[in-house]
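Here are the chains, one letter per residue:
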Amino acid sequence: MTRIKAIVLDADGVLFRKINPKLDQKLLQLAHVSEEIVKEKRKKYWALTKIGTLTSKEMWFGALDHPSFEKGVLGELGIKAKEFTTQDLFEMNIGAIDFLQLMKKQNLPLILLSNSSEDLIEKQYSYFKLEQFFTKTFFSHKMKIAKPDSRVFEKVLKELSFEASEILFVDDKEKNIFAAKELGFQTFLFTEDGDFVKIQRRISPKQKIPALESF
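Presented here is an overview of the structure given in this document.

**Section: the packing of helix H5 (residues 96-105) against helix H10 (residues 195-203)**
So, step 1. Running from amino to carboxyl end, H5 crosses H10 at an angle of 20°, the nearest separation of the two axes being 10 Å. One finds that H5 runs roughly parallel with respect to H10. Considering how the two elements wind past one another, H5 and H10 form a crossing that is left-handed. From H5, Ala96, Phe99, Leu102 and Met103 reach across to H10, where they touch Phe196, Ile199, Gln200 and Ile203.
So, step 2. Class assignment of the residues belonging to the contact of H5 with H10 gives a composition of 7 nonpolar, 1 polar and no charged.

The following block contains the structure:
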């Protein structure tokens, strides 16, 4: 297998605790509607927000220029703006910072590739000061395309000085893993915090990793 020269990491579900379950639970508590309706409304707006068609503000409060999206998630669920915030939902996965620090010490380039919006993924990235670890970021709302679209991975390859076979792509969704693998990336499906140890062992099979052994 080709030696790994760079790592492309997903954010939500890999670096961060998955935000959608916590977000849906909060909306559910404030809206007093069924869980199905909460998910339906959130997904409806997220589909356009993650590709930059709607801004984060428009996602929550409405977009007058987009028919059927005038109310926003909060408006459609009958939630008052002052009752809602997302920052209290932010949480890093256990072992994520240790892993990033270890990769930085090893001078292995880290690239962030995430389906995103300003107030969720990009805001978390800034909140946890992760810019110190990453050489480049690819946010879907800025690219105007989202995983698993193959154009996302083609853009990453175009802007990086590595072959696909030299890059390890880490994501928690099988459809994204499949799309990357189709273009020749090495891949790792992230399912639990302990996977940071497995990733490090895959990168350096013979190296002892005391910083992560407790996970």
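**Examining the pattern of salt bridges**
So, step 1. Applying the stated criterion to the full structure yields 19 salt bridges.
So, step 2. Among the salt bridges present, the one from Glu166 reaches Lys5, with a minimum N-O distance of 2.9 Å. Here Glu166 is found in the loop between helix H8 (150-159) and strand E4 (167-171), whereas its partner Lys5 is found in the segment before strand E1 (6-9), with 161 residues between them in sequence.
So, step 3. A relative accessible area of 14% means that Glu166 is categorised as buried.

**Brief notes about the sheet that holds E1**
So, step 1. Reading across the sheet, the 5 strands line up as E3-E2-E1-E4-E5 and stay open at both edges, with parallel pairing between neighbours. Sheet topology places strand E3 (136-139) and strand E5 (186-189) at the edges, where each strand pairs with a single neighbour. Taking the axes of each pair of neighbouring strands and ignoring which way they run, one obtains an average angle of 20° across the sheet.
So, step 2. Bridge analysis of E1 against E4 gives 4 bridges, and the strand direction is parallel. Counterpart to Leu9 in the pairing with E4 is Val170.
So, step 3. In the packing of H5 onto the sheet, contacts are made with E1 and strand E2 (110-114), and the angle to E1 comes to roughly 155°.
So, step 4. Along the sheet, H10 makes contact with E1, E4 and E5, crossing E5 at roughly 160°.

**Thoughts on the environment of Val156**
So, step 1. In this structure, Val156 sits in helix H8.
So, step 2. Separated by 20 residues in the primary sequence, Val156 and Lys136 place their C-alpha atoms 9.7 Å from one another.
So, step 3. When residues no more than four places from it in sequence are discounted, the contact partners of Val156 are Val8, Leu113 and Phe138.

**Focus: the environment of Ala6**
So, step 1. Here Ala6 is to be found in strand E1.
So, step 2. A residue is classified by how much of its surface remains accessible, and Ala6, at 0% relative accessible area, is buried.
So, step 3. Apart from the residues lying within four places of it in its own chain, the contact partners of Ala6 are Leu108, Pro109, Ile111, Phe162, Glu166, Ile167 and Leu168.

**Let's talk about helix H9 (residues 174-182)**
So, step 1. Considered for burial, the residues of H9 that qualify are Asn176, Ile177, Ala179 and Ala180. Within H9, the buried residues cover an arc of 160° as seen down the axis, which keeps them to one side. The exposed set on the far side of H9, more than 90 degrees from its buried face, consists of Glu174, Lys175, Phe178, Lys181 and Glu182.
So, step 2. Directly beyond the C-terminal end of H9, a positive phi value near 100° is found at Gly184.

**A look at the pairing of E2**
Remember that side chains alternate between the two faces of the sheet whenever the strand is regular.
So, step 1. The buried fraction of E2 is high, at 5 of 5 residues.
So, step 2. Bridging between E1 and E2 involves 3 bridges; their strand directions are parallel. In the strand pairing of E2, Leu9 is matched with Leu112.
So, step 3. Here E2 runs beside E3; their pairing, made up of 4 bridges, is parallel. Its bridge partner being in E3, Ser114 is matched across the sheet by Phe139.

**Observations concerning the packing of helix H1 (residues 19-31) against helix H2 (residues 35-49)**
So, step 1. Packing of H1 against H2 leaves a shortest axis separation of 9 Å and a crossing angle of 120°. The pairing of H1 with H2 is recorded here as oblique in orientation. In terms of crossing hand, the pair formed by H1 and H2 is right-handed. Contacts between H1 and H2 involve Asn20, Leu23, Asp24, Leu27 and Leu28 from the former and Glu35, Val38, Lys39 and Arg42 from the latter.
So, step 2. Here the residues of the contact of H1 with H2 are counted per class, giving 4 nonpolar, 1 polar and 4 charged.

The rules behind these values
- Residues numbered from 1 in each chain as written.
- Predicted model: local features only at pLDDT ≥ 70, side-chain atom pairs only at ≥ 80, totals over all residues.
- Heavy atoms only, no water.
- Axes fitted to C-alpha atoms, helices over the stretch in contact; angles between N-to-C directions.
- Helix = DSSP H or I, 4+ residues; strand = E, 2+ residues; numbered from the N terminus.
- Parallel < 35°, antiparallel > 145°, perpendicular 65-115°, else oblique.
- Left-handed = near helix turned anticlockwise from the far one by under 90°.
- Contact = heavy atoms within 4.5 Å.
- Nonpolar A, V, L, I, M, F, W, Y, C, P; charged D, E, K, R; others polar.
- Salt bridge = Lys/Arg side-chain N within 4 Å of Asp/Glu carboxyl O.
- Buried < 20%, exposed > 50% of the residue type's maximum accessible area, 1.4 Å probe, protein only.
- Pairing = 2+ DSSP bridges.
- Arc of directions from axis to C-beta.

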